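# Close look at the chain arrangement
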Amino acid sequence: MKDNIVIGLIAGAIFPPIVVNILIESVNEDLLTFSQTYFENVCLLAIGLNAGLMWVVLNTFKKDRIGRGILLSNFGYVIAFVIYFYI
């Protein structure tokens, strides 16, 4: 695979929504309507798993530019998380 920052941006942008969707679909709908903290924790977990994906790409596959792209998208998700939940 080519070591390109755009591939990392795309991978980092796609991975967290997939994780959030899987975890939201796997619980009862009442949990989402009565508790905002579950959604907040799921989003935070997805951001953490994205950081784990970055670590695997950097250390296992030795793809520096792809890891940078994932890191940039992770920064975007962290900023969006703070704005959505705390501002």
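Residues numbered from 1 in each chain as written. Predicted model: local features only at pLDDT ≥ 70, side-chain atom pairs only at ≥ 80, totals over all residues. Heavy atoms only, no water.

## Overview of helix H1 (residues 5–25)
Filter applied, for reference: Each helix is a run of DSSP H or I of at least 4 residues and each strand a run of E of at least 2, with the numbering of both proceeding from the N terminus. A helix is expected to span 1.5 Å for every residue after the first. Contacts are assigned to residue pairs with any non-hydrogen atoms lying within 4.5 Å of each other.
Taking 1.5 Å of rise per residue, the 21 residues of H1 would be expected to cover 30 Å, and the 31 Å separating its terminal C-alpha atoms lies within 8% of that figure. Buried residues along H1 sit against helix H2 (29–34), helix H3 (36–59) and helix H4 (64–86).

## Here's the deal with the confidence of the model for the protein chain
Short version of the rule: Residue-level confidence of the predictor is summarised by pLDDT, bounded by 0 at the bottom and 100 at the top.
Of the residues in the protein chain, 100% reach a pLDDT of 70 or more, and the chain-wide mean stands at 95. When the elements of the protein chain are averaged for pLDDT, H2 gives the smallest value, 86, and H4 the largest, 97.

## Here's the deal with a nonpolar patch on the surface
Under the convention used in this document: Patch membership is restricted to residues that have no salt bridge and whose relative accessible area is over 30%. Joining uses 9 Å for like charges and 5 Å for the nonpolar side chains Val, Leu, Ile, Met, Phe, Trp and Tyr. Only the protein chains shown count as cover for residues, with accessible areas throughout obtained via the Shrake-Rupley method and a probe of 1.4 Å. By convention in these notes, a salt bridge is any Lys or Arg side-chain nitrogen within 4 Å of a carboxyl oxygen on Asp or Glu.
Among the surface-exposed residues, Ile5, Val6, Leu9, Ile10, Ile14, Ile18, Ile22, Leu71, Leu72 and Phe75 lie close enough to one another that they form a single nonpolar patch of about 850 Å² accessible area. Examining the composition of the nonpolar patch, we find that seven residues originate from one element, H1, more than from any other. Assignment of secondary structure puts valine 6 in helix H1.

## Some details on the packing of aromatic side chains
We count it as follows: Any Phe, Tyr or Trp ring, taking Trp's six-membered ring, that has another such ring centre within 6.5 Å forms a pair; planes under 30 degrees apart are called stacked, those over 60 apart edge-to-face, and the others tilted.
All told, the structure shown has five aromatic pairs when counted by the stated rule. Taking the centre distance of 4.9 Å and the plane angle of 55° together, the rings of phenylalanine 81 and phenylalanine 85 count as tilted. With phenylalanine 81 and phenylalanine 85 both in helix H4 and four residues apart, this pair spans about one turn of that helix. Site record: aromatic cluster; members linked through ring pairs are Phe39, Phe81, Tyr84, Phe85 and Tyr86.

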